[in-house]
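Topology and contacts: notes
Single-letter residue listing:
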Protein chains: 2
Amino acid sequence: MNYNRFFPTSMKAALANDPPGAWVPKTPADCICLHRGYPASSLVPYVEIKCAVNTLIDKEHDLPLHYLGSAQTGVLKEKIRSRLAVRGIVVKDAELLVTSGSSQALDLIARTLLDQTAVVAMEAPTYMEALETFQNYTNQIISVPIDEHGLKVDVLETLLLKRKQDRLPMPRFLYTIPSFHNPSGVTMNPERRHRLLQLASAFDFLIVEDDAYGELSFSEKPIPLKATDPEQRVLHVGSLSKVVAPGMRIGWIAGAHELVFACNWVKKDLDHPFAQATMGTYLQHINLEQHIMQLRNAYRSRRDVLVAALEQFMPEWVKWTIPDGGYFVWLHVPNVDTSLLLEKSLREGVSFVPGKHFFLHPSEGKDYLRLSFSYEEPERMVEGIQKLGELIRLV
Amino acid sequence: MNYNRFFPTSMKAALANDPPGAWVPKTPADCICLHRGYPASSLVPYVEIKCAVNTLIDKEHDLPLHYLGSAQTGVLKEKIRSRLAVRGIVVKDAELLVTSGSSQALDLIARTLLDQTAVVAMEAPTYMEALETFQNYTNQIISVPIDEHGLKVDVLETLLLKRKQDRLPMPRFLYTIPSFHNPSGVTMNPERRHRLLQLASAFDFLIVEDDAYGELSFSEKPIPLKATDPEQRVLHVGSLSKVVAPGMRIGWIAGAHELVFACNWVKKDLDHPFAQATMGTYLQHINLEQHIMQLRNAYRSRRDVLVAALEQFMPEWVKWTIPDGGYFVWLHVPNVDTSLLLEKSLREGVSFVPGKHFFLHPSEGKDYLRLSFSYEEPERMVEGIQKLGELIRLV
């Protein structure tokens, strides 16, 4: 039986795009995985998480295993609020929604704000899963280029003015990763942040700030957009995935009560009381500031290793960013089709993500690729970059 | 700032309904909670779940704490498949999707199959959270009455014929809880199950079978609709919430590959690798059949306690169902507004769910109420029913 007649138009349209996860390479055994945006195995506090589960269940028995969770579920929310406050984001309880990772946060925002009539603006390149998520709701996506200082707000302004003249609708929201951008590693500078907030006000759109990597700064700490948001136009999306463990799926949305309320409306009980109570307990028993300091140091030295390896092994016509935080280095390999390069590279046991996956218009990313310095151990990273450098020289 | 202008039409429509969870009474301290569809505290295997976490992390370290989970995540899927096979539901790997509880399963099905143009048929009464979920996607809901033998398929047929004559669209799907129905406790008889499958074929609609309570039979085991589904029209939704622990949020969809594929498309990584790996490990170390037998015995005797208390304390004009499984007894208190009764009852420290919450048209449920025998310990149940009986006599 063919089920196509049961799908609504929007679903048919979504199914016409690349399937979710199409960017994940099929890696051979023992592949050096430079494609993975995972935290390093050695930096995932699995012993502490195990201890937190034991403490939690010994104390609360079956309570965190029911639908509504337990006191420790509430602890998590308080811990997130106080951490946000450290970074200048002061929100009331009703302005914070804990979600099942930032994936759910983005999905809830999309469900709340998008339908096929809605326009979304995104950076080019951008986080491919956000692109996939929004494409489940609308095909009207505009992309705005970035450079080494982040989103090109002047291009955004021109584009918005043009839309206004043409009487086209404004974006419902702009999605941005202002700090330690995925995949490019760049950080939006303070002037552009300021200008972006002005544009949001002038052209009446919202901003979705994806701050997944915001804590992982290697030098200066950027100030989140949400920390300077007088008109409450910013929905700040954060996550413990990059600083604790992605598999616990703890994320959040911090923003205006009315928007958070609507997101909670569609979320219902699609969250995870046991994981929330476990992470609440975990955060009670560790020093988060100290833990984040350790991560910053560890990822900074991994970045240094990767960048040094690039300098050593890449031909000089290959260019890359040097990120001040996060997980990624973005490589420009002019006139090389990085999808074809990946095929060869996988045969040599090295993976990366071809640039095309990060663009609404894939051809724009044809000769780019994303390398992650978070997941593989330093010596394997160097080995991977050496092999990749050799392949690129042969092209 | 008012954000209403940012919401699409469908969201505005959804926000016009009752908020999710509006049916949860605000209970005083030490309330006898006969409203809660939770498993009994004493029947949630929290020690075994703690052991499973320890075994899992000792064996796999950080693996289950990453995005993609671990070998044990796959174990869970195999365990669910083999349990379904015991019940006559034989599905391939690609025909089973593990979800974050049956709540996510229903939400994914709704996202995949519904938009504002879609019609959904539901039983009256029905599970309020399913009603809320579908109302987030469409306002075109049809309700079909049930009696002591389940869904009145003759009424459904008349209704479908009438729609056909009037050239109105058929439902995209019918949502049913055929076994140990929530809230009514009734089970659809085999003749009606057979007829329902015939109607689905004749009028070309799908069936969403919510089997949350299907394992908890006290005498005969009903055969799931999905076990006799030659045309692959049934999406079978199940869950470990009622047989293990709701807070682990493990549910599933079993059905045609094309439909499961579409549900997975919109799900992306909105699931919970750590919880899945934990439950995979748990199921490897226990005897599920034996565990379910224990639950059946325990809930059967709790049902007996509740029914005996009703016989003892209710006036004879109050009527109720005697369920052969599940968690609930459905009470008819003719000409008594059970919402007003609840207010009084809460002052006496006893809660239940007023019938109106289970109906698309709330007035149909005005003099019904749902009692749960799953959560409270037997002596407290009896005390609660005694108090409730006294209140009803005073009305």
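Parameters and conventions
- Residues numbered from 1 in each chain as written.
- Chains lettered and ligands numbered in written order.
- Predicted model: local features only at pLDDT ≥ 70, side-chain atom pairs only at ≥ 80, totals over all residues.
- Heavy atoms only, no water.
- pLDDT = per-residue confidence, 0-100.
- Least-squares fit on C-alpha atoms with pLDDT ≥ 70 in both.
- Contact = heavy atoms within 4.5 Å.
- Buried < 20%, exposed > 50% of the residue type's maximum accessible area, 1.4 Å probe, protein only.
- Helix = DSSP H or I, 4+ residues; strand = E, 2+ residues; numbered from the N terminus.
- Pairing = 2+ DSSP bridges.
- Expected span 1.5 Å × (residues − 1).
- Salt bridge = Lys/Arg side-chain N within 4 Å of Asp/Glu carboxyl O.
- Phe/Tyr/Trp six-rings, centres within 6.5 Å; stacked < 30°, edge-to-face > 60°.

Mean pLDDT over chain A stands at 96; residues scoring 70 or higher make up 100%. With pTM at 0.95, the complex prediction returns an ipTM value of 0.93.

It takes a turn of 180° to lay chain B on chain A, together with a shift of 0.0 Å along the axis; the resulting RMSD is 0.0 Å. The superposition operator between the copies reduces to a two-fold rotation axis. Counting the interface residues of chain B, we find that 100% of their copies in chain A are interface residues as well, pointing to one common contact surface.

This part takes up the pairing of strand 14 (residues 368–372) of chain A. Residues and elements named next belong to chain A. For strand 14, the tally of buried residues reaches four of five residues, placing the bulk of the element in the interior. Where strand 11 (residues 328–332) and strand 14 come together, five bridges link them in antiparallel fashion. In the strand pairing of strand 14, His-332 is matched with Tyr-368. Relative to strand 14, strand 13 (residues 353–354) runs antiparallel, the two being bridged by two bridges. Bridge assignment links Val-353 to a residue of strand 14, and that residue is Arg-370.

This next bit is on the sheet that holds strand 10 (residues 319–320) of chain A. The strand order 10-11-14-13 (chain A) describes an open sheet built from four strands, whose pairing is antiparallel. The sheet terminates laterally at strand 10 and strand 13 of chain A, the two strands that pair on one side only.

Its 15 residues place the ends of helix 2 (residues 46–60) of chain A 21 Å apart at the C-alpha level, agreeing with the 21 Å of an ideal helix rising 1.5 Å per residue. Taken as a whole, helix 2 of chain A has its buried residues at Ile-49, Lys-50, Ala-52, Val-53, Asn-54, Leu-56, Ile-57 and Glu-60 of chain A. Along its buried surface, helix 2 of chain A packs onto helix 3 (71–86) and helix 9 (273–285) of chain A together with helix 2 (46–60) and helix 9 (273–285) of chain B. Looking one or two residues past helix 2 of chain A, His-61 of chain A carries a phi angle of roughly 55°, positive in sign.

Before going further, it helps to spend a moment on the environment of Pro-145 of chain A. Residues and elements named next belong to chain A. Examined against the element boundaries, Pro-145 turns out to sit in strand 4 (residues 141–147). On the accessibility criterion, Pro-145 (32% relative accessible area) is partly exposed. Ignoring anything within four residues of it in the chain, the contact list for Pro-145 reads Ala-124, Leu-151, Lys-152 and Val-155.

With that out of the way, let us pick up the pattern of salt bridges. Between side chains of opposite charge, pairing is possible as soon as their charged atoms come close. Tallied over the full model, the rule gives 48 salt bridges over all chains. With a shortest N-O distance of 2.6 Å, Lys-162 of chain A and Asp-166 of chain A are connected by a salt bridge. Here Lys-162 of chain A falls in the partly exposed class, since its relative accessible area comes to 46%. Asp-93 of chain B is the salt-bridge partner of Lys-77 of chain B, the closest N and O atoms lying 3.4 Å from each other. In this pair, Lys-77 of chain B sits in helix 3 (residues 71–86) while Asp-93 of chain B sits in the loop between helix 3 and strand 2 (96–99), placing the two residues 16 residues apart along the sequence. When its relative accessible area of 19% is taken as the criterion, Lys-77 of chain B is described as buried. Take Asp-93 of chain B: its relative accessible area is 39%, and that puts it in the partly exposed class. Members of the salt-bridge network, linked through shared partners, are Arg-83, Arg-87, Asp-211, Glu-215, Glu-289 and Arg-296 of chain A.

Here the structure, examined in full by the defined rule, presents 28 aromatic pairs over all chains. An angle of 55° between the planes, with centres 5.5 Å apart, marks the rings of Tyr-67 of chain A and Tyr-38 of chain B as tilted. With Tyr-67 of chain A in the loop between helix 2 and helix 3 and Tyr-38 of chain B in the loop between strand 1 (32–33) and helix 2, this residue pair bridges two chains. A residue is classified by how much of its surface remains accessible, and Tyr-67 of chain A, at 18% relative accessible area, is buried. The buried category is assigned to Tyr-38 of chain B, whose relative accessible area is 10%. A network of ring pairs unites the aromatic residues Tyr-213, Tyr-299, Tyr-327 and Phe-328 of chain A as a single cluster.

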